[in-house]
Amino acid sequence: VTFLAGHGFCFIGLALGAQSVLACLNCWCVVVSLLCAPSMLGEAVSACKVLAVLLVVVGCAWVTLSGPQRYHVFTVDRLRMYLVNQAFLAVSGLTVLTACVLAGHAGFTDRRPPCPVI
């Protein structure tokens with residue numbers, strides 16, 4: 001019940017806020033896991049893991065503080081305006097190109113990462 005309620009509240013919060021700010025907050029499960037793992041699961045927490053979690057916290061705080069201060073309703077007209085914006089098209093094209101290069105490299109390489117499950 002707690003699991004479903006937590007995800008329900010997260011879903012509602014993501015629907016109501018600006019995604020540029022809220023997207024980075026989805027990684028807070030890593031922070032909560034680090035805090036709960038020693039007491040609940042008896043896991044050891046290394047200094048490297050603590051440093052990584054501190055980096056996540058600093059990054060989330062940075063994005064939240066420097067994110068958009070005003071929010072606009074995303075309408076079809078606003079989408080059409082973005083689709084003719086040269087900067088938006090350049091960044092989107094670079095993102096798609098990078099994804100295609102990485103997918104092509106992964107598809108044609110013989111190296112595979114070790115699978116610890118099998």
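Residues numbered from 1 in each chain as written. Predicted model: local features only at pLDDT ≥ 70, side-chain atom pairs only at ≥ 80, totals over all residues. Heavy atoms only, no water.

Enquirer: Where do I start with the overall build of the protein in this structure?
Expert: Broken down by element type, the protein carries 6 helices and 0 strands. The order of α-helices and β-strands along the protein, N terminus first, is α-α-α-α-α-α. For the protein, with 118 residues in total, the buried portion stands at 8%. For the protein, long-range pairs separated by at least 24 residues make up 53% of all intrachain contacts whose partners lie at least 6 apart in sequence. Only carbon and sulfur atoms are counted for the fraction: they give 75% of the accessible area of the protein, which is about 10,000 Å². (Helix = DSSP H or I, 4+ residues; strand = E, 2+ residues; numbered from the N terminus. Buried < 20%, exposed > 50% of the residue type's maximum accessible area, 1.4 Å probe, protein only. Contact = heavy atoms within 4.5 Å. Areas by Shrake-Rupley, 256 points an atom, 1.4 Å probe, with all protein chains shown as cover.)

Enquirer: Which parts of the structure should I look at to understand the pattern of salt bridges?
Expert: In a structure, side chains of opposite charge can pair up when their charged atoms sit close to one another. For the coordinates displayed, the defined rule picks out 1 salt bridge. Asp 77 is the partner of Arg 80 in a salt bridge, and the nearest nitrogen-oxygen pair spans 3.8 Å. Of this pair, Arg 80 and Asp 77 both sit in helix H5 (residues 76-82), 3 residues apart, roughly one helical turn. Neither residue differs from the other here; Arg 80 and Asp 77 are each classed as exposed. (Salt bridge = Lys/Arg side-chain N within 4 Å of Asp/Glu carboxyl O.)

Enquirer: I tried to follow a nonpolar patch on the surface on my own but got confused; where do I start?
Expert: There is a patch of nonpolar side chains on the surface, built from Phe 74, Leu 79, Leu 83, Phe 88 and Leu 89 and spanning about 450 Å² of accessible area. Along the polypeptide, Phe 88 turns up in helix H6 (residues 86-108). (Patch = residues over 30% accessible without salt bridge, like charges linked within 9 Å, V, L, I, M, F, W, Y side chains within 5 Å.)

Enquirer: Sorry if this is basic, but what is going on with the packing of helix H3 (residues 28-41) against helix H4 (residues 47-66) here?
Expert: Each packed pair of helices is defined by two parameters, the angle between the axes and the distance between the axes. In the contact formed by H3 and H4, the axes pass within 10 Å of each other and the chain directions differ by 140°. Classed by the angle they form, the pair H3 and H4 counts as oblique. Handedness of the H3/H4 crossing: left-handed. Across the interface between the two elements, Trp 28, Val 30, Val 31 and Leu 34 from H3 touch Lys 49, Val 50, Val 53, Val 56, Val 57 and Cys 60 from H4. When its residues are assigned to classes, the contact of H3 with H4 shows 9 nonpolar, no polar and 1 charged. (Axes fitted to C-alpha atoms, helices over the stretch in contact; angles between N-to-C directions. Parallel < 35°, antiparallel > 145°, perpendicular 65-115°, else oblique. Left-handed = near helix turned anticlockwise from the far one by under 90°. Nonpolar A, V, L, I, M, F, W, Y, C, P; charged D, E, K, R; others polar.)

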